[in-house]
Amino acid sequence: MASMLLGASSDMIYRGHDAQAALGGDGYSAKKQHRPVGPCRARARALRYVLGEQRLVFALVGMAIASFVLLLAAPSGRHGAAVKTSGQELMSGSAAAGLAARQYTGVARMAYEEPRRVPGRVPLGLKRKGLRVVVTGGAGFVGSHLVDRLLARGDSVIVVDNFFTGRKENVLHHAGNPNFEMIRHDVVEPILLEVDQIYHLACPASPVHYKYNPVKTIKTNVVGTLNMLGLAKRVGARFLLTSTSEVYGDPLQHPQVETYWGNVNPIGVRSCYDEGKRTAETLTMDYHRGANLEVRIARIFNTYGPRMCIDDGRVVSNFVAQALRKEPLTVYGDGKQTRSFQYVSDLVEGLMKLMEGEHVGPFNLGNPGEFTMLELAKVVQDTIDPNARIEFRPNTADDPHKRKPDISRAKELLGWEPVIPLRNGLPLMVHDFRSRIFGDREPDASTAAAAGDD
Ligand code: NAD
Ligand code: UDP
Ligand code: UDP
């Protein structure tokens, strides 16, 4: 190599000498080789050189070809700010993530500083792609239903989940779909991905689960959300936070409107979740204001449906599993506390409308139909077993007395409202629980009939 370089350089020196010799100069001063010329003559010479041998025509044609190629190769994308080298466009998400990880420092800064690109440009020879979407917590109850909908509409989906409360079975039916990827990852750790949208759901949601390791719960809400916001900022993705009605605590306003600031105990056993989600909302708004990030905030009210964890301790899953197992329904306290129950498909519809819409929020997403726990027990008895017994148990600390969403804002600005009442949604969940508890894949007559009502 050294001799090649040497050869090359000595070759240049040698030719230089040749040229000098040919010109008859002494090789020390270029000025001595030429007769001095006036500026007019020099310009005329230059012009003759450019016009000679069709050099100008070649130069213009070259410039035209270069502009055309650059125009066609400009990247596409709905939000358009993700890092898109031509190589990465063609890669699967994990390969792109690997490449991104290697290029982190350089690419990260470049992507953040890049201006928004014009949508609609498609790389030469490629069809327009769907969105690349990350769903954190996508193996969980709500997340897995969201993943179903996103894949069905043609998006590429990457699920990021540590399987604390989620189950691979919830998304197993997508295995083999080239638009689907699953990454076992804890959002408390940083991650590098190239995407257009982030639905951030990762967080245990049932009181039993989030109280199990409260420090981990608040870390997930704070550090996990920070990491996902950092990711969104780096690639210019739109970010949606699934917050909760728990931000209202034990509310002193009823029903709860988004403008209500809540009544939350900051040092209680539920605080890791309630205050964690409140901080997650704060972070989300700070990135929105401070880093110009596109964000959306949903405040989700109690949601139920197929794929809930059977033994997660939430009231709907408890009552349904208990009634199916012929165990007494455990009503905590006097059973007069209220909740409003929303079927999962209504929620997913609301989340997608929120993500695609123009409004940051926060938006209450819930079903305003309000039930006491005793009334809920009655609906479960009517749906599964009229003879199911009720057993009273002491209530847990800081249990909110009532909860009902005011959804006027979502109705008006998102054009969204739930359409499945509890008596129609519950049978659909019962069918799923029956299958999972008893391995009975056939719906029984009463469940099928009730499910057909909606
Ligand atoms: P879920 O427990 O079924 O799903 C949560 C998912 O997040 C699980 O798959 C879990 O494994 C994953 N996860 C938890 N911690 C993680 C971590 N550190 N890193 C990566 N993954 C992690 O709960 P869900 O009911 O589907 O709730 C989803 C989201 O909606 C949560 O953010 C929850 O706070 C919110 N939410 C739900 C309800 C509801 O009634 N279901 C109500 C209000 C808010
Ligand atoms: N982060 C991440 N993936 C990314 C970019 C950032 O996980 O693609 C994490 C990063 O590790 C950091 C957090 O997100 O802890 C916040 O990132 P940001 O760039 O906003 O803050 P900074 O790194 O400057 O503190
Ligand atoms: N609850 C109940 N029996 C149960 C589980 C819960 O009566 O077996 C009550 C609980 O005390 C609370 C309500 O049901 O008042 C809703 O509890 P859940 O854990 O489902 O949700 P969250 O408290 O987060 O709204």
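Structure's up top.
Predicted model only: the values in this text are computed from it and were never measured.

### Quick notes on the nonpolar core
By size, the foremost hydrophobic cluster in this structure holds 58 residues, and its most contacted members are Val135, Tyr199, Tyr304, Val320, Leu351 and Leu426. Per-element tally for this core: the top contributor is helix α13 (residues 344–356), with 7 residues. Beyond its immediate chain neighbours, meaning those up to four positions away, Tyr199 contacts Val133, Val134, Val135, Thr136, Leu146, Leu150, Leu240, Leu351, Met352 and Met355. In terms of nonpolar packing, the next biggest core, distinct from the first, is built from 25 residues, Val195, Met228, Leu241 and Ala291 among them.

### Side note on helix α8 (residues 141–152)
Relative to the 16 Å expected for 12 residues at 1.5 Å per residue, α8 spans 17 Å between its end C-alpha atoms, a close match to the ideal helical length. Within α8, 9 of the 12 residues are buried, which leaves the element mostly enclosed by the surrounding structure. Of all the residues in α8, the buried ones are Phe141, Val142, Gly143, Ser144, His145, Leu146, Val147, Leu150 and Leu151. Against the buried residues of α8 lie β1 (132–136), β2 (156–161), β3 (180–184), β4 (197–200), β7 (303–304) and α13. Following α8 by one or two positions, Gly154 adopts a phi angle in the positive range, close to 100°.

### Observations regarding a nonpolar patch on the surface
Among the surface-exposed residues, Val57, Val61 and Ile65 lie close enough to one another that they form a single nonpolar patch of about 260 Å² accessible area. Note on placement: Val57 falls in helix α4 (residues 55–73).

### Some remarks on helix α16 (residues 422–438)
Over its 17 residues, α16 extends 23 Å from the first C-alpha to the last, a length consistent with the 24 Å expected when each residue adds 1.5 Å. Phi turns positive one or two residues past the end of α16, at Gly439, with a value near 70°.

The rules behind these values
Residues numbered from 1 in each chain as written. Chains lettered and ligands numbered in written order. Predicted model: local features only at pLDDT ≥ 70, side-chain atom pairs only at ≥ 80, totals over all residues. Heavy atoms only, no water. Core = buried A, V, L, I, M, F, W, Y, C linked by side-chain atoms within 4.5 Å. Buried < 20%, exposed > 50% of the residue type's maximum accessible area, 1.4 Å probe, protein only. Helix = DSSP H or I, 4+ residues; strand = E, 2+ residues; numbered from the N terminus. Contact = heavy atoms within 4.5 Å. Expected span 1.5 Å × (residues − 1). Patch = residues over 30% accessible without salt bridge, like charges linked within 9 Å, V, L, I, M, F, W, Y side chains within 5 Å. Areas by Shrake-Rupley, 256 points an atom, 1.4 Å probe, with all protein chains shown as cover. Salt bridge = Lys/Arg side-chain N within 4 Å of Asp/Glu carboxyl O.

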